[in-house]
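Here is how the chains run, residue by residue.
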Amino acid sequence: VAASGVRSVSVLGATGSIGDSTMDLLRASPERYQVEALTANTNVAGLAKLAKEFNARFVAVADPARLSELRAALAGTDIACGAGEGAIVEAAERPADWVMAAVAGAAGLKPALAAVDRGAHVALANKECLVCAGEFFMDRAAKAGATILPADSEHNALFQALASGNRDELTKVIITASGGPFRTWAAADIEQATLAQALKHPNWSMGQKITIDSASMMNKGLEVIEASWLFALSPDEIDVVVHPQSIIHGMVEFSDRSVVAQLGSPDMRTPIAHCLGWPDRIVGRAAPLDLAKIGTLTFEAPDYARFPGLKLAYDALRAGNGATTVYNAANEIAVAAFIAQRIRFGAIARLVEETMNSWIRAGNLAPLSCADDAIAVDHNARDMAAALLPQIAAKAS
Ligand code: NAD
Ligand code: MG
């Protein structure tokens, strides 16, 4: 943080759901933040609007074909711009003290690493990049002196609760899951669920990919893996409990059997505000929590039979050696195929399982030590999942 007290910040994925919540917090205290860089995938108009509002120094779109459109949208300003994957990385390399990593999917890996490598404070919303590259991501952050601030609500809760004890005193962590829109559905109905049904999340308003992941509980699987890499926990130290109200986000159990929880309204602006203020606290923007009004908090065990994607996450973690990269890559292919109506909802987890099994049978498990390793596994696992797709699509459950 500069002596003036003004903090320079960049937001990767500024036009998305997390980007929107982040910009809302920045907008509330414009005197405290200088926006260095903002990025988007294809939404030039939305990006240019934010760039002008926040007087950003640099903006980038991932789609290289949209450079002239972006230039035109910024005409008359002195905002620099670029397009293409390299420009997104350049945005992350620019000297912001705090970076929100909120690109969706494994596409967020390279830009997140670019921010990590220059030792920034990185608020990490993009769980896929950690799942894809977890085996070296945290080491690389430690070597660069970067601070990873978990922005995912469950991990932010754990991060806050972990401060109540030390690593030797921790016995386990518990992350909560809303259970998604199909929590009470029979397996046969989940199998046939439509895109519109999968997109109706009971509690959270989020981007399309993570909303579908919440319906399949693959999101919770990704989060179990994310927690393992973020906090160096074994699979046995991570529990999931279904909590439909989404008020408790995460808990840490210590050796004396004290369980420390973080609570809040289901609004991503709370964990993002924690990351933005850290190590201090700033004024939040979510509605205050009114427990008397909520009345009841309930809990259930997760059902692996109806939500097999969650169990596969534990299998991938135990297999290690790139298996979580495969889990994520296959899921990204499966979700895209479901959105394109090429497979049924129930086939998402089947494609992930088949891809992981085929990958392991082919003897492809190997340690990942750098971004190129992770990107190669991600790429090859996507190809394998795409090749398995027709047979999974044809097979009735
Ligand atoms: P979103 O789809 O709403 O937004 C994604 C952002 O990334 C957009 O700005 C988009 O333009 C950009 N983007 C997409 N593909 C890109 C590409 N190939 N290259 C560069 N930019 C690209 O998604 P979201 O819901 O904001 O989620 C973002 C990330 O945060 C995901 O990893 C998600 O799992 C994680 N997350 C989201 C929430 C939430 O409440 N939305 C909660 C926890 C974690
Ligand atoms: Mg979450």
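In this text, all values refer to a predicted model and were calculated from it rather than measured experimentally.

The rules behind these values
Residues numbered from 1 in each chain as written. Chains lettered and ligands numbered in written order. Predicted model: local features only at pLDDT ≥ 70, side-chain atom pairs only at ≥ 80, totals over all residues. Helix = DSSP H or I, 4+ residues; strand = E, 2+ residues; numbered from the N terminus. Pairing = 2+ DSSP bridges. Axes fitted to C-alpha atoms, helices over the stretch in contact; angles between N-to-C directions. Contact = placed C-beta atoms within 7 Å. UniProt positions renumbered as here; feature names shortened; annotations may be inferred. Buried ≥ 20, exposed ≤ 12 C-beta atoms within 10 Å, placed from the backbone. Expected span 1.5 Å × (residues − 1).

1. Some words on unusual backbone geometry
So, step 1. Put simply, Trp-278 and Pro-279 share a cis peptide bond, and its omega is 5°.
So, step 2. Along the chain, the position of Pro-279 falls in the loop between helix H12 (269-277) and helix H13 (291-294).
So, step 3. For Asn-55, which is not glycine, the phi dihedral falls at a positive 50°.
So, step 4. Here Asn-55 lies in the loop between helix H2 (44-54) and strand E3 (58-61).
So, step 5. At Gln-341, a residue that is not glycine, the phi angle is positive and equals roughly 60°.
So, step 6. Relative to the elements of secondary structure, Gln-341 occurs in the loop between helix H15 (323-339) and helix H16 (347-361).

2. Here we look at the sheet that holds E3
So, step 1. The strand order across the open sheet built from seven strands is E4-E3-E2-E1-E5-E6-E7, with neighbouring strands paired in parallel fashion. Each edge of the sheet is formed by a strand with only one pairing partner; in this case those strands are strand E4 (80-83) and strand E7 (147-150). Averaged over all adjacent pairs, the angle separating strand axes in this sheet is 20°, with direction ignored.
So, step 2. As judged from the four bridges shared by strand E6 (residues 121-124) and E7, these two strands associate in the parallel manner. Along E7, the bridge assignment pairs Leu-124 with Pro-150.
So, step 3. Here H2 sits on the sheet and contacts strand E2 (33-40) and E3; the angle it forms with E2, its principal contact strand, is near 170°.

3. Side note on the UniProt feature "binding site: NADPH" (unreviewed entry) in the chain
So, step 1. Mapped onto this numbering, the UniProt entry annotates "binding site: NADPH" (unreviewed entry) at Thr-15, Gly-16, Ser-17, Ile-18, Asn-43, Asn-126, Glu-128 and Gly-207.
So, step 2. Tracing the chain through its elements places Asn-43 in the loop between E2 and H2.
So, step 3. Looking at the element boundaries, Glu-128 is found in helix H6 (residues 127-144).
So, step 4. For Glu-128, a count of 27 C-beta atoms within 10 Å translates into the label buried.

4. Some points on H16
So, step 1. Taking 1.5 Å per residue as the helical rise, H16 with its 15 residues ought to reach 21 Å, and the 20 Å between its terminal C-alpha atoms agrees with that figure.
So, step 2. Considered for burial, the residues of H16 that qualify are Ala-347, Ile-348, Ala-349, Arg-350, Leu-351, Val-352, Glu-354, Thr-355, Met-356 and Trp-359.
So, step 3. Immediately downstream of H16, the backbone of Gly-363 shows phi near 75°, a positive value.

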